[in-house]
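# Notes for the structure review
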Amino acid sequence: MARICELTGKGRQVGHNVSHANNKTKRTFLPNLQNVTLISDALGKGVRLRVSTHGLRSVEHVGGLDNWLKKTSVENLSLRARRLKREIEKSQLAA
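Attention in this report is confined to the structure presented alongside it. Note that this is a predicted model, so its numbers are computed, not measured.

For the rest of this paragraph, the subject is the overall build of the chain. For the chain, the helix and strand inventory stands at three helices and four strands. Each helix and strand of the chain, ordered N terminal to C terminal, gives the series β-β-β-β-α-α-α. In terms of overall size, the chain is more extended than a compact globule, its C-alpha atoms giving a radius of gyration of 17 Å where 95 residues would be expected to give roughly 12 Å. By its C-alpha atoms, the chain is 65 × 20 × 20 Å across when sized along the principal axes. Sorting the 95 residues of the chain into buried and exposed places 28% on the buried side.

Below, the structure is given as structure tokens:
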């Protein structure tokens, strides 16, 4: 399972551990990913996603999962989130 946020595309970053003697060794910084069930108002059901805490705060700030997917470009989204975005758009057009 990739360590990438399904909504924001945030992944791991590479850097250095720096000792007191200024020796540098490679290390990775992993995003704080959480398994979360987000409620979609358009679909009327919960959706399980693996989201970073930063992405979760952003979704809440925008006003929910439906609004987040509506405003976000497709390039950052995972395959599951892209399918979910299409499904929400279809249900809003039908309503």
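This part is about the pairing of strand β2 (residues 24-29). In this sheet, β2 lies alongside strand β1 (residues 13-18) in antiparallel orientation, the contact comprising six bridges. Opposite V18, over in β2, you have K24 as the bridge partner. Hairpin remark: β1 followed by β2, antiparallel, with five residues in the connecting loop; positive phi at N22, about 65°.

Grouped together as the largest cluster of nonpolar side chains are 16 residues, with contacts concentrated most on L7, L38, L49, L65, L69 and L84. Elements represented by at least two residues in this core include exactly β3 (33-40), β4 (45-52), α2 (65-71) and α3 (79-94). Discounting residues that sit within four places of it in the chain, L49 has contacts with E6, L7, Q34, N35, V36, L38, L65 and R80.

Phi at N22 takes a positive value of approximately 65°, unusual for a residue other than glycine. Tracing the backbone shows N22 in the loop between β1 and β2.

Right, let's get into α3. For α3, with 16 residues, the first-to-last C-alpha span of 23 Å sits near the 22 Å given by 1.5 Å per residue. For α3, the full list of buried residues reads A81, L84, K85 and I88. Seen end-on, α3 carries its buried residues on one side only, within an arc spanning 105°. Across α3 from its buried face, at more than 90 degrees, point the exposed residues L79, K90, L93 and A94. Elements in contact with the buried residues of α3: β3, β4 and α2.

Here we take up the pattern of salt bridges. According to the stated counting rule, one finds two salt bridges in the structure shown. As a salt-bridge pair, E6 and R80 come within 3.4 Å of each other at their nearest N and O atoms. Of the two residues, E6 is situated in the segment before β1 and R80 in helix α3; the sequence distance between them amounts to 74 residues. Among the residues examined, E6 registers a relative accessible area of 12% and is labelled buried.

Parameters and conventions
Residues numbered from 1 in each chain as written. Predicted model: local features only at pLDDT ≥ 70, side-chain atom pairs only at ≥ 80, totals over all residues. Heavy atoms only, no water. Helix = DSSP H or I, 4+ residues; strand = E, 2+ residues; numbered from the N terminus. Rg over C-alpha atoms; globule rule 2.2 N^0.38 Å. Buried < 20%, exposed > 50% of the residue type's maximum accessible area, 1.4 Å probe, protein only. Pairing = 2+ DSSP bridges. Core = buried A, V, L, I, M, F, W, Y, C linked by side-chain atoms within 4.5 Å. Contact = heavy atoms within 4.5 Å. Expected span 1.5 Å × (residues − 1). Arc of directions from axis to C-beta. Salt bridge = Lys/Arg side-chain N within 4 Å of Asp/Glu carboxyl O.

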